[in-house]
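# Per-entry structural report
Now for the letters of each chain:
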Amino acid sequence: GIASSLIGGWIVSTTGVIQSGTPMPNPSGYYIEGNPCPCGRSLKQWFNTSSSVWVPIPPYALSNTPLYNTSIRNPTAPQFDASLFKTFHIWESHELKVRVTALNVSNTPFYYPPDNDPTSPTFGQVIVYQMNRPRSVELGARYSF
């Protein structure tokens, strides 16, 4: 009946991205001594900021520090999008197509990388500013005859 034609026949489409963060670039002019990864990671301290870990390179010394630190990853979060589609056949060649699309369904924020400048007062802290777009929903309809 009418309830079956309204509820049934919907097509669902989802896409998602789950990945680890990109490696954090090492600050220029510093050696890394020891393990910069903390046991408990938070937005206020993403990695160990101790001066015993981040040692300035002496003047005229050569640096053997790699450009990126693979043990410290930038923040990331799973991102999912979803769509619902339905075609309603009105009569003969008349039909109504309805579409609902939601981007960033879970409204998960994706933050900026942590500050990697050892001379900064916010060294090791993640900048709490959302890089990705918040959830957005699009509604669309098309009547064809």
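Our structure is the block above this text.
Calculation criteria
- Residues numbered from 1 in each chain as written.
- Predicted model: local features only at pLDDT ≥ 70, side-chain atom pairs only at ≥ 80, totals over all residues.
- Heavy atoms only, no water.
- Helix = DSSP H or I, 4+ residues; strand = E, 2+ residues; numbered from the N terminus.
- Rg over C-alpha atoms; globule rule 2.2 N^0.38 Å.
- Buried < 20%, exposed > 50% of the residue type's maximum accessible area, 1.4 Å probe, protein only.
- Contact = heavy atoms within 4.5 Å.
- Areas by Shrake-Rupley, 256 points an atom, 1.4 Å probe, with all protein chains shown as cover.
- Lys, Arg positive; Asp, Glu negative; His and termini not counted.
- Charge placed at Lys NZ, Arg CZ, Asp CG, Glu CD.
- Polar contact = N/O pair within 3.5 Å; in protein donor to acceptor, adjacent residues only side chain to side chain.
- Pairing = 2+ DSSP bridges.
- Axes fitted to C-alpha atoms, helices over the stretch in contact; angles between N-to-C directions.
- Salt bridge = Lys/Arg side-chain N within 4 Å of Asp/Glu carboxyl O.
- Phe/Tyr/Trp six-rings, centres within 6.5 Å; stacked < 30°, edge-to-face > 60°.
- Lys NZ or Arg CZ within 6 Å of the ring centre and 35° of its normal.

### Observations regarding the overall build of the protein
Scanning the protein for helices and strands turns up one helix and eight strands. Taking 145 residues into account, the globule formula puts the C-alpha radius of gyration at 15 Å, and the protein, at 25 Å, lies well above it. Across its three principal directions, the C-alpha atoms of the protein cover 85 × 25 × 20 Å. Here the protein holds 145 residues, and the buried ones make up 24% of them. A sequence separation of at least 24 residues applies to 69% of the contacts in the protein between residues at least 6 apart. When the accessible surface of the protein is split by element, carbon and sulfur atoms take 60% of a total near 9,900 Å². Across the protein, 9 positive and 7 negative side-chain charges occur, with their mean positions spaced 6 Å apart.

### Focus on the side chain of Thr-101
With respect to the helices and strands, Thr-101 occurs in strand E7 (residues 94-103). A distance of 3.4 Å separates the side chain of Thr-101 from the side chain of Ser-83, its partner in a polar contact. If we ignore the near neighbours within four places in the chain, the residues touching Thr-101 are Ala-82, Ser-83, Ser-136, Val-137 and Glu-138.

### Notes on the sheet that holds strand E1 (residues 11-17)
Here four strands make up an open sheet; going across it, the order is E1-E6-E7-E8 and the pairing antiparallel. Taken across any chain shown, the strands that pair with only one partner, and hence form the sheet edges, are E1 and strand E8 (136-144). Mean inter-strand twist for the sheet, computed between neighbouring axes without regard to direction, equals 10 degrees. Taken together, the nine bridges between strand E6 (residues 79-91) and E7 define a ladder with antiparallel strand orientation. Considered in E7, the bridge of Trp-91 is made with His-94.

### Some thoughts on the pattern of salt bridges
Enumeration over the complete set of coordinates arrives at one salt bridge. Between Lys-97 and Glu-95 there is a salt bridge whose closest N-O contact spans 3.8 Å. The class of Lys-97 is partly exposed, set by a relative accessible area of 35%. The buried category is assigned to Glu-95, whose relative accessible area is 18%.

### Things to note about the packing of aromatic side chains
On inspection of all chains with the given rule, the structure shows six aromatic pairs. Ring plane angle 25 degrees and centroid distance 5.7 Å describe the contact between Tyr-112 and Tyr-129, whose orientation is recorded as stacked. Remark: Tyr-129 occurs in the loop between E7 and E8 and Tyr-112 occurs in the loop between E7 and E8; sequence separation between them is 17 residues. With 6.1 Å between their ring centres and 45 degrees between their planes, Tyr-143 and Phe-145 make a pair best called tilted. Classification of Phe-145 by relative accessible area gives exposed; the value is 72%. Among the aromatic residues, those joined into a ring-pair cluster are Phe-47, Trp-54 and Phe-123. Just above the ring of Trp-46 sits the side chain of Arg-41; from NZ or CZ to the centre is 4.6 Å.

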